[in-house]
Amino acid sequence: MTGSSPGAPGAGQPARRQPGQRQPGSRLRRWIPRSVLLAGVLMATAGCESTTFTRLGLPIPVTRQGEVVVTLWRGSWIAALCVGVVVWGAILWAVIFHRKRTDAVPRQVRYNLPIEIMYTVIPFIMVGVFFFFTARDENYIDKLPPHPDVTVTVYGYQWSWEFQYPGFKVPGSASGVVSETGAPWPGRLPVLEIPTNRTVRFNLVSLDVVHSFWIVPFEFKRDVIPGHPNHFEVTPIKTGTFTGRCTELCGVYHSRMLFTVKIVTPAQFDTWISAQQHSQQKSAGGA
């Protein structure tokens, strides 16, 4: 009969945990509450548009089209979180209930037709749903009604912008109202002024290289391509002053290609248009 040392565990006694050795599963028990808390915070804040955007430092959309973009973005994040919860749950379930207990080889399963059908069909359904909402919102954003309230022709050139309003003619002029413009540097920035609750169509024209017209809170941008005019339309819903910029590397002074955007009330816009017409007519008379 063989003896055993006093500190060694007996045949029926569990092995003692050494000092500093973590108990199996302790890390998992600490990680699960943190993951659940993080997922809960993200899902709770996903539905609070203004609060979430303000805390994250993101712009709040100021157009109806921008709200559609944000809704699509938020929905895709919620869907991704739901998929993540399912995947994390499956991984944790496999870790907990299928962890190694003995050296015996578990029962082998080669084919499971229901599971294979499930993980093939469900992704197709998800892709189809994403495609439907994306195509629907893209068609809405790209829609161009025949008679917009305001039309702005945007000229991009190295390295500044010019904005013209051909719908508001100046007596003796064929080009219409021209917005306040300034030298690319060091003068003031060009000013784009548009009204709320009116449809505004932008016709984008490049005079030299490829530029990109981006107003941050529009949640939308479009390239300005030489020889290929682009168009899009928005309906502003909030007033304010914002910064626009070129987001296509267009040369040495690309970073200076900025402009100011003023979204004002319809009454303020009409007053501004009248002032621009008077100023241009006076300048033409003086010349």
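Located above this text is the structure these notes cover.
Okay, so let's go over this structure. (Residues numbered from 1 in each chain as written. Predicted model: local features only at pLDDT ≥ 70, side-chain atom pairs only at ≥ 80, totals over all residues. Heavy atoms only, no water.)

Across its full length, the protein chain carries five helices and 10 strands. When each of the 287 residues of the protein chain is scored for burial, the buried share is 27%. Long-range contacts, defined here as pairs at least 24 residues apart, represent 67% of the contacts in the protein chain between residues at least 6 apart. About 18,800 Å² of surface is accessible on the protein chain, with carbon and sulfur atoms providing 62% of the total. (Helix = DSSP H or I, 4+ residues; strand = E, 2+ residues; numbered from the N terminus. Buried < 20%, exposed > 50% of the residue type's maximum accessible area, 1.4 Å probe, protein only. Contact = heavy atoms within 4.5 Å. Areas by Shrake-Rupley, 256 points an atom, 1.4 Å probe, with all protein chains shown as cover.)

For the rest of this paragraph, the subject is the nonpolar core. Formed by 33 residues in total, the largest nonpolar core has its most connected members in Val-152, Trp-161, Tyr-165, Leu-192, Phe-202 and Phe-213. The dominant element in this core, judged by the number of residues it contributes, is strand β10 (residues 258-264), at four residues. (Core = buried A, V, L, I, M, F, W, Y, C linked by side-chain atoms within 4.5 Å.)

Under the counting rule described, the total for this entry stands at zero disulfides. Among the cysteines around Cys-246, which has no disulfide bond, Cys-250 carries the closest sulfur, lying 4.0 Å off. The class of Cys-246 is buried, set by a relative accessible area of 6%. (Disulfide = S-S within 2.5 Å.)

Let's shift gears to the sheet that holds strand β9 (residues 240-246). Spatially, β4-β10-β9-β6-β7 is the arrangement adopted by the five strands of the open sheet, whose pairing is mixed. Two strands close off the open sheet at either side, each with one partner strand: β4 (191-195) and β7 (220-224). Sheet twist, expressed as the average angle between the axes of neighbouring strands with direction ignored, equals 25 degrees. (Pairing = 2+ DSSP bridges. Axes fitted to C-alpha atoms, helices over the stretch in contact; angles between N-to-C directions.)

Scanning the entire structure with this criterion turns up 17 aromatic pairs. Summarising the aromatic geometry, the rings of Tyr-165 and Trp-272 are spaced 5.4 Å apart at their centres and angled 70 degrees between planes, so their arrangement reads as edge-to-face. With Tyr-165 in strand β2 (residues 160-165) and Trp-272 in helix α5 (residues 266-286), this residue pair connects regions lying 107 residues apart in the sequence. Considered together, Tyr-165 and Trp-272 belong to a single accessibility category, that of buried residues. Put simply, the rings of Trp-161, Phe-163, Phe-202, Phe-213, Phe-218, Phe-220, Phe-232 and Phe-259 pair up and form one aromatic cluster. (Phe/Tyr/Trp six-rings, centres within 6.5 Å; stacked < 30°, edge-to-face > 60°.)

With that settled, consider helix α3 (residues 64-97). In this model, α3 (34 residues) spans 49 Å end to end at C-alpha, consistent with the 50 Å of a helix rising 1.5 Å per residue. Among all positions in α3, only Gln-65, Gly-66, Val-70, Arg-74, Leu-81, Gly-84 and Leu-92 are buried. (Expected span 1.5 Å × (residues − 1).)

We now examine the pattern of salt bridges. The full count for this structure, using the stated rule, is four salt bridges. Linking Glu-233 and Arg-201 is a salt bridge whose minimum nitrogen-to-oxygen distance equals 3.1 Å. You can see Glu-233 sitting in strand β8 (residues 230-234) and its partner Arg-201 sitting in strand β5 (residues 200-206), a full 32 residues away along the chain. Taken as a pair, Glu-233 and Arg-201 share a single burial class, namely buried. (Salt bridge = Lys/Arg side-chain N within 4 Å of Asp/Glu carboxyl O.)

One open sheet accounts for five strands, arranged β3-β2-β1-β5-β8; its pairing is mixed. In the strand order of this sheet, the two ends are held by β3 (177-178) and β8, each with one partner.

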